[in-house]
Each structure stands twice: as structure tokens, then as C-alpha cells.
Amino acid sequence: MSLAMPPVPHKDDLDSTWSFLETGIESVMLNLDSGIDMKTYMGLYTAVHNFCTSQKAVASGQGLQGQRGAHLLGEELYKLLGEYLTSHLSEVYKQSQSHTEEGLLGFYIREWYRYTTAAKYVNHLFRYLNRHWVKREIDEGKKNVYDVYTLHLVKWKGDFFEKVHEKVMDAVLNLIEKQRNGETIEQSQIKSIVDSFVSLGLDENDSSKSTLDVYRHYFQQPFISSTKTYYENESRQFVAENSVVEYMKKAEARLEEEKLRVGLYLHPDVTKLLTDTCLSVLVTAHSTLLRDEFQILLDNERQEDLARMYRLLSRIKEGLDPLRTTFENHVRRAGLAAVEKVASEGETLEPKLYVDALLQVHTRYQSLVDEAFNGEAEFVRSLDNACREFVNRNRICKTSSSKSPELLAKYTDSLLKKGSKSAEESELEEMLVQIMTVFKYIEDKDVFQKFYSKNLAKRLVHVSSVSDDAETSMISKLKEACGFEYTNKLQRMFQDMQISKDLNNNYKVWQDKVLEDDDRKRMADAHFQILGTGFWPLNAPTTPFLAPPEIVKTAERFQTFYFDKHSGRKLTWLWQLCKGEIKANYIKNAKVPYTFQVSTYQMGILLLFNEADTLSYDEIEKATTLSTEILDPNLSILLKAKVLIASPEGAKPEPSTSFTLNYNFKSKKVKVNLNIQIKSEQKVEADDTHKTIEEDRKLLLQSAIVRIMKSRKKMKHVQLVQEVIQQVKSRFPPKIPDIKKNIEALMEKDYIERMDGDEISYIA
């Protein structure tokens, strides 16, 4: 554009210089969009430069006085520019008064852009002033002196912004409320207002730096205050008219909206304050209402709504604490109810039913913790606490606190033992993982170990394991959970089985060398297992037994071979664990001779019938020397299977009964299993196991006490008890009276002694 500019001023004339500059500044301020030609622009720039330097040329001959003159002239120009801006903004303010609401916002934004764009050009025109006079004033510590661009902002803030900010913010807040109510608004307007408020934040001490003070005070405070009021009113009304679940959906949607609002047109600085305000109003204020609903959602397994509640309450301080307690109690009740249900189904509790009941509860709530509560550590802890409670203290455990580990060990045995219902390999591995889930919660881990090792011993001895891989997998899981010591003996049992395998191969080679063909034909086909006394949880037979000659010969021949290789060792025959097969060649009308699978005791009874068809009770008892506790149940099995017939008919095994071989025996199977464990044997075995557990616990407690006292030398009684509990709790939870009893026992054995003041001392 071409301007009717006044004549170019004399460099020393302030009035004509300012008049020339004002005309140019006015056109920049008002008509910048029309453009400005380079000649005019350079003329303005030169006028500022000439005026600021004019007195300096004179100053060289006038000493300090001349320099001061230059100083003052720069100040005059600066002052006149400030007065011009005040006057200009006074006009802008007048014009603004005819605008309201969105119209006012539009006006404010247009003027702001026009003003700040012009300020950049004017700042460039006065660059020489900035570089010399302004810089020197600031360096000398003068207040309220800024570079020309910053002066524009200071003037805008003082002469215009201060007068209109309330109306502008009211319009902004009304727009935001409209948007919250679902209306579409011009978001860019708010974004421009925010940017303007941020730009006005000037550091009083350093004009080159900006602060967020203006934005925080004039925008953020009223915005947060109106947000709080809006959501207080909305949430109060919404809660009164809707369900808690609907309210949670609403609260979650509102929190997400406000988060997006920051990205759309607010300054990131507001994020935390806005989030905290919304959480306080939408969640904290209604947290009691939400928590009261938690139990109802749990009872109805409303996973999605539980997740929503978790998400909301996890965002406020201590919001989840009451939920965790409620959840723990709920899971415990569910576990106890599940056990109650299976316990009431019959006298003899099936281990699988019991373990499945425990697992179902755990699986259901583990899934809930993972899905709804994001696997959060404290909810996991609540789940673990609840599971530990119902696994160790339930209706089944009332009779014996060690019932859970016993039943778990029996269930594990049923999985790892060959049978008609053997699981697939992948399924079995999954089941073993589940066993370990229950095992984790069991407190009496030593009880599980005892029963598990007894059952493992039987599986190995009877070669009835479903697979070596499955056995190894289970032992490695136990080792991982409880350490090397827990599984050491179990692994040694496997080693013994391998050694026995090699031994039998060597025995066959030896037999081929020393036996004649006829002798070999008459020999029983036998397999021997040599089990180390220290590692196998097996006891000597509880009854005397006179083995049949066929077995005695075989046993003696093996002993000859064994002692030849290992002199000085002792062998104890575990007849109660031996078994075998005998062919029944006497039965009429049998196309193929039946094979009886029998225990060695049953074999001893049946082989007597090679010499006679009928034998009295006394004759059998005398020939086998078996105790009545073993003889009677075994005879009952043979009668029930109709291998023998009692006389008188239907009589029980007792001294007046005689037994005859049944020549008309019939069975659907060619192989008939008669080797069934007797219930009384099972009970005796379980009782014996519990006795050894008590004995082992006594030793474990005593060794822990000695170990602690040996390292500490002196200790208070209470501290010793606490430390013993810490050391053995991974195996079983010790009872304090038991610890005290064992401390007394060690005092009697002179390991430790009581000193003054309830102190105990180690006797070296």
C-alpha cells in the first residue's frame, strides 16, 4: 500500500520524528492486511535509527551530559509508543462493549491476532531501540522496561485484558457448558483464548521468559471452579434418578471427555488439576455409594461392572482398600460353601471332588482378579489370603487340620497312577499345575510330602506310574516351590529304581551261568527291587509270614547273588508290597487258563491248595503264620471273588470255617485282579503316616531351636519362639505350646539352659 506519510523528520526533532512514526505504526496496526511497501517500512526503520543515534554524534564533544541526552531521547520515544498503545487499546475496548458471548470471543480473537501480528512488525521497526536503550535500561535494573514486543503485551494486559477478562471467561465457560450438554461448539475459539492468556504470562524479573501465571489465574481457576459446580450438580441429580451401574458408566464417560478436552483446546498444565477435580466430584464424593454396590456386583458376578468400579476407585486415594476386604471375605465364604457342599454328599470324601471344589473357587476368582481388577497385587493378596483360609480351615479340616494336604496327595496319586481314566499327557500337565495351585495355599506342607512320598513309593514299587515324565514334572514343581531338601528323598527313590533295573539285568546274566535248564524252568520269574532304608517311607511287614517254598527258593537264590556282590548288607523282605501272577490250571471248562493277579500273602494261601482241595482256617493260619488282621481280609477277598467256597455256606473267615477250591470258577476276564488293598490296611497306613509326621515335626523343631541357639548363644524366650516359627513355617505352622515343649526337652538333654530374666543360653 502507499501511505500519505509526513515529510521525513530531522533526526534531532522528537516531535516530527514521532509524528512520522505514529502515522506508520497506525497503518501497521490497522491496515496490515493490505500490506506495506518496502520503501515506507525502511523509512520508518531509518527514522528510529537516526533519532536514537543523533545525540550520540553530538555526545562525543559534550562528555557525560551528551550521553545522558541520548539516554533520555530513547526514553521519550519508548514513552510515546506506550501512550499510543494505551490510546489504541482504549478504542479497542470501546468497540468490544458492543459484543457479547460468542460475538465477544470472535472480536477478542480477531483483535488479538491483529494486535500481536502488528506488534512483531513494530518490534522490528524499533529494533535499534531494543538493542541499545532498552537493553541498557534492563541491564541497569530498571523496572517496567521491556522490549517493544513485550511492551505491546504488557499494554494489552493492563489496558484491555484487565477490563474484559471476566466477560470473555463467562463466554468461554458458557461454550464449554454447551459442549458438555451435547451441543456442537466452535472449539478453535477457546483454543485461541487459551493461547492468548498463556502469551500474557510475563516474568516480571526477566521479560525474555514467560510464566503461566496469567493463564492459571484468569483461565484455569474459573474453569476448574465452573467444572466442579457443573459436575456436582449433574452427579447429584444423576445418582438420584439412575442405578449405581449407570452412574459409573456416566462418570467414566465424563472423565474420558475431560481428558480429551485437554488435548482439544486446553493447556496441558491443567491436566492434573482437572483430573483431580473431576475425580473428587465424580468418584470420591460418591465412593460410599459405589462401595455399597460392590457386594451386589460380586454376588451376581457382574465382571464388566466390577472392572468399571475398579477403574474408578483405583484412581482415588485408598479407594480400593474397603473393596479388597469385602472381596477377601466373599471368596472365603464361597470356598467354605463349596467344601460344605461336597462334604455333605457322603461319608467317604472323594479326593478329586474335594480338590475340584477348591480349584473351581480359586479359578473363578483368579479370573475375576485378572480381568476385572487388572491382576492388581493387593487383590491377588486378598485372593491368596481367602484361599489359604478356606483350604486349611473348612468343614473337612475340622476333624484334622492336615486333611487338605492328605486329600491333595491322594488326588495327585490318582492322577499319576495308571488306571482306566488316565488323562492325556497335555491334560495331565495342566492338572499337575492346578495341584500346585492348591499346594501353594496348604500350610501343612510336610503332611503332603509324607503322603506323597508314600504314594510315590508304591507307584514305583508296583510299576504303576502313568509315566516317568509326569513323575519328574511333579517333583520338579515341588522342588521349585519348596527347595531341594523337600524333594531330595523323592529323587533318591528314582535312583534306586534305576539301580534295581541294572541289578536285575546282571542277575539274569548270573542265572544263565549258574543254573541248569531244568532248574530255570522250575524257578519263579521274579523281579527284585532294592530300596535304600533312609530314602523310602516303607516299614517292615506288620505280620509274620511263612512264604511258600517256590518263593523261598527264588528269594534265597537272589540273596546268594546279591551278597556275593555286596557283603555286609542286610536285606529285609517287604512281603506286604510284593505281588505276582499265578495260573489256575485246575478250572473245568476254561478254554484258556485264568491268571490270578495276587499279593504275596494271597499267593501263600492259594499255593497251599496244590496239596489239597479243602483246607480249614487253622491249617491255612498255621501254614502261612499270617496274623488274623491280614489273613481274614485276604480270605474274604478270595471268597468274594468265588475263587474259594466257604463251608458252612456264606460263613466268614473264622476258626470254624473251611475253604474249598472252586473248580467251576468263572470270570469275564482272563486276568483276574485279586490284589485289592484292604480298607483296614489303608487306615493303619494313614495313622502310621500321621504318627511319623508328628515325630518328624518334633525333630524339625528341635533342630531349628539348636541351630538358632548355636548361632545366637543367648536369647530371650519370646524371641526364640518367634524365630523358630519363621524358620519352620514354610513346612508347617507350628503351635507355640509344641515349641515350648521342645525347648523344655532340649533343656533336659542339656543342649540349652534357662538363665535369669527369661533368657535362654546355648551350652557349648
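Everything here concerns the structure above.
Every residue gets a number counted from 1 within its own chain, in the order that chain's sequence is written. Reporting of local features is limited, given that this is a predicted model, to residues whose pLDDT is at least 70; pairs of side-chain atoms are given and counted only at 80 or more, and all residues count toward the totals for whole chains, interfaces and linings. As a convention, hydrogens and water are excluded, and side-chain values are obtained from all of the structure's heavy atoms.

**Student:** In this structure, what is going on with the packing of aromatic side chains? I would like to understand it.
**Tutor:** A pair of aromatic rings is counted whenever rings of Phe, Tyr or Trp (Trp by its six-membered ring) have centres within 6.5 Å, and the orientation is called stacked for planes under 30 degrees apart, edge-to-face for over 60 and tilted otherwise. In this structure the tally under the stated criterion is 38 aromatic pairs. Judged by centre distance (5.7 Å) and plane angle (70 degrees), the ring pair of Phe-545 and Trp-575 falls under edge-to-face. With Phe-545 in the loop between helix 21 (517-522) and helix 22 (549-565) and Trp-575 in the loop between helix 22 and strand 1 (579-584), this residue pair connects regions lying 30 residues apart in the sequence. Taken as a pair, Phe-545 and Trp-575 share a single burial class, namely buried. On the numbers, 6.0 Å between centres and 25 degrees between planes, the contact of Phe-558 with Tyr-562 is stacked. One end of the pair is Phe-558 and the other is Tyr-562, both in helix 22 and 4 residues apart, which spans about a single turn. Counting every residue linked through ring pairs, the aromatic cluster contains Tyr-507, Trp-510, Phe-528, Phe-545, Phe-558, Phe-561, Tyr-562, Phe-563, Trp-573, Trp-575 and Tyr-601. Seen from the ring of Tyr-93, Lys-163 lies directly overhead, with NZ or CZ sitting 5.1 Å from the centre. Helix and strand labels come from DSSP, where a helix needs a run of H or I of at least four residues and a strand needs a run of E of at least two; each type is numbered from the N terminus. Buried residues are those whose accessible area, probed at 1.4 Å on protein chains only, stays under 20% of the maximum for their type, while exposed residues exceed 50% and partly exposed ones sit between those limits. Counted as over-ring charges are cases with an Arg CZ or a Lys NZ within 6 Å of the ring centre that also lie within 35 degrees of the ring normal.

**Student:** Would you mind going over the side chain of Ser-453 with me for this structure?
**Tutor:** Mapped onto the elements of the fold, Ser-453 is located in helix 18 (residues 445-461). Note on contacts: a residue pair qualifies if any of its non-hydrogen atoms lie within 4.5 Å across the two residues. With residues up to four places along the chain from it excluded, the contact list for Ser-453 reads Leu-490, Met-493 and Pro-537.

**Student:** Hey, could you run me through the nonpolar core in this one?
**Tutor:** Nonpolar side chains tend to gather and get buried jointly when the protein is soluble and globular. In terms of nonpolar packing, the biggest core is built from 150 residues, with Tyr-108, Phe-126, Phe-197, Phe-219, Phe-327 and Phe-373 touching the most fellow members. With 14 residues, the single largest contributor to this core is helix 6 (residues 148-180). With residues near it in sequence (within four places) discarded, Tyr-108 still touches Trp-156, Phe-160, Phe-161, Val-164, Val-168, Ile-193, Ser-196, Phe-197 and Leu-200. Residue types Ala, Val, Leu, Ile, Met, Phe, Trp, Tyr and Cys, when buried and joined through side-chain atoms within 4.5 Å, form a set referred to as a nonpolar core.

**Student:** Which parts of the structure should I look at to understand helix 16 (residues 403-416)?
**Tutor:** Taking 1.5 Å per residue as the helical rise, helix 16 with its 14 residues ought to reach 20 Å, and the 20 Å between its terminal C-alpha atoms agrees with that figure. Of all 14 residues that make up helix 16, 11 are buried, and the element is covered over most of its length. Where helix 16 is concerned, the buried positions are Ser-404, Pro-405, Glu-406, Leu-407, Leu-408, Ala-409, Tyr-411, Thr-412, Asp-413, Leu-415 and Leu-416. To estimate how far a helix should reach, multiply one less than its number of residues by 1.5 Å.

**Student:** What should I look at first to understand the sheet that holds strand 7 (residues 714-716) in this one?
**Tutor:** The strands making up a sheet associate through hydrogen bonds between their backbones, and the pairing can be parallel or antiparallel. Two strands pair under a simple rule: DSSP has to find at least two bridges between them. With antiparallel pairing, the 3 strands of this open sheet are ordered in space as 7-9-8. Pairing within the sheet leaves two strands with one partner each, and these edge strands are strand 7 and strand 8 (752-754). Each adjacent strand pair in this sheet contributes to an overall mean axis angle of 25 degrees, direction not counted. Where strand 8 and strand 9 (residues 759-762) come together, 3 bridges link them in antiparallel fashion. Looking at the pairing, Ile-752 lines up with Tyr-762 of strand 9. Axis geometry follows a simple rule: fit a line to the C-alpha atoms, using only the stretch in contact for helices, then measure angles between N-to-C directions, giving values from 0 to 180 degrees. On the sheet, helix 27 (residues 717-728) packs against strand 7, strand 8 and strand 9 and is oriented at approximately 95 degrees with respect to strand 7. This element, helix 28 (residues 736-748), spans strand 8 and strand 9 of the sheet and lies at about 105 degrees to strand 8.

**Student:** Help me understand the sheet that holds strand 1 in this model?
**Tutor:** One open sheet accounts for 3 strands, arranged 1-2-6; its pairing is mixed. Of all the strands in the sheet, the pair left with one neighbour each is strand 1 and strand 6 (671-673). Taking each pair of neighbouring strands and ignoring which way they run, the sheet shows an average axis angle of 25 degrees. Relative to strand 2 (residues 594-599), strand 1 is paired through 6 bridges, and the arrangement is antiparallel. In the sheet register, Lys-579 faces strand 2, and the bridge partner there is Ser-599.

**Student:** Can you help me understand the layout of surface pockets in this one?
**Tutor:** Where empty space is left can be seen by rolling a probe of water-molecule size over the atoms. The pocket and cavity definitions rest on a 1 Å grid over protein atoms only: a 1.4 Å probe that fits but cannot leave marks a cavity, an open set with protein on both sides within 12 Å along at least five of seven lines marks a pocket, and residues lining either have an atom within 4 Å of a point. Grid points are joined across faces, edges and corners, and a volume is the space filled by probe spheres set on the points. In this structure, the second largest pocket encloses a volume near 660 Å³. Together, 26 residues line the second largest pocket, and Gln-449, Lys-450, Lys-489, Asp-696 and Arg-731 are the ones closest to its centre. Elements with a contribution of two residues or more to the lining of the second largest pocket: helix 18, helix 20 (484-514) and helix 26 (679-712). The residue makeup of the lining of the second largest pocket, split by class, is 11 nonpolar, 7 polar and 8 charged. Only Asp, Glu, Lys and Arg are considered charged, only Ala, Val, Leu, Ile, Met, Phe, Trp, Tyr, Cys and Pro nonpolar, and every remaining residue, Gly among them, polar.

**Student:** Looking at this structure, I do not really get helix 17 (residues 425-441). What am I missing?
**Tutor:** What sets the pattern is the α-helix's 3.6 residues per turn: residues three or four places apart point alike. Along its 17 residues, helix 17 runs 25 Å from first to last C-alpha, staying within 8% of the 24 Å computed at 1.5 Å per residue. Buried residues of helix 17: Leu-428, Leu-432, Ile-435, Met-436, Thr-437, Val-438, Phe-439 and Tyr-441, and no others. Next to the buried residues of helix 17 lie helix 14 (351-371), helix 15 (377-392), helix 16, helix 18, helix 19 (468-482) and helix 20.

**Student:** Teacher, can you tell me more about unusual backbone geometry here?
**Tutor:** Most peptide bonds are trans, and most residues other than glycine sit at a negative phi. Geometrically, the link from Ser-647 to Pro-648 is a cis peptide bond, its omega value of -5 degrees lying close to zero. Assignment of secondary structure puts Pro-648 in the loop between strand 4 (644-647) and strand 5 (658-661). The phi dihedral of Val-463 is positive, around 50 degrees, even though this residue is not glycine. Mapped onto the fold, Val-463 is located in the loop between helix 18 and helix 19.

**Student:** Even after reading the chapter, I still don't get empty space enclosed by the protein, so can you show me in this structure?
**Tutor:** Within the structure shown, the criterion is met by 2 cavities of 30 Å³ or more. There is about 40 Å³ of room inside the second largest cavity. Leu-358, Leu-359, His-362, Phe-390, Val-391, Thr-437, Val-438 and Tyr-441 together form the lining of the second largest cavity. Counting only elements with at least two residues in the lining of the second largest cavity, the list comes to helix 14, helix 15 and helix 17. The residue makeup of the lining of the second largest cavity, split by class, is 6 nonpolar, 2 polar and no charged.

**Student:** Is there a simple way to think about the environment of Glu-629 in this case?
**Tutor:** In this structure, Glu-629 sits in helix 25 (residues 628-640). Assessed through its relative accessible area of 56%, Glu-629 is described here as exposed.

**Student:** Would you explain the pairing of strand 4 in this entry?
**Tutor:** Within a regular beta strand, the side chains point alternately toward one face of the sheet and then the other, so they alternate between its two faces. The alternating pattern of strand 4 places Leu-644 and Ala-646 on a buried face and Ile-645 and Ser-647 on a face that is not buried. Judged from the 4 bridges that link them, strand 4 and strand 5 form a sheet pairing that is antiparallel. Along strand 5, the bridge assignment pairs Ser-647 with Ser-658.

**Student:** Just to check I follow, could you spell out the packing of helix 16 against helix 17 for this structure?
**Tutor:** The packing of two helices is summarised by the inter-axis angle and the distance between the axes. One can describe the packing of helix 16 onto helix 17 by two numbers: an axis separation of 11 Å at closest approach and a directional angle of 170 degrees. By the criterion of interaxial angle, the relationship of helix 16 to helix 17 is roughly antiparallel. Of the residues in helix 17, those touching helix 16 at Leu-408, Tyr-411, Thr-412, Leu-415 and Leu-416 are Leu-428, Met-431, Leu-432, Ile-435, Val-438 and Phe-439. Any angle that is under 35 degrees is reported as roughly parallel, and any over 145 degrees as roughly antiparallel; angles of 65 to 115 degrees are reported as roughly perpendicular and all others as oblique.

**Student:** Please explain the pattern of salt bridges as it appears in this structure.
**Tutor:** Between side chains of opposite charge, a pair can form when the charged atoms approach closely. Salt bridges are defined as contacts in which a side-chain nitrogen from Lys or Arg sits within 4 Å of a carboxyl oxygen from Asp or Glu. Overall, the coordinates contain 38 salt bridges when judged by the stated rule. A salt bridge links Asp-269 to Arg-216; its shortest N-O distance comes to 2.8 Å. Placement of the pair is Asp-269 in the loop between helix 9 (244-265) and helix 10 (271-282) and Arg-216 in helix 8 (residues 213-241), with a sequence separation of 53 residues. Since its relative accessible area comes to 26%, Asp-269 is described here as partly exposed. Residue Arg-216 is classed as partly exposed on the basis of its relative accessible area of 36%. For Lys-417, the salt bridge goes to Asp-413, with nearest N and O atoms at 3.4 Å. According to the relative accessible area criterion, Lys-417 is partly exposed, its value standing at 35%. By relative accessible area, Asp-413 is classed as buried at 10%. Residues joined in a network through salt bridges with shared partners are Glu-252, Arg-302, Glu-304, Asp-305, Arg-308 and Arg-311.

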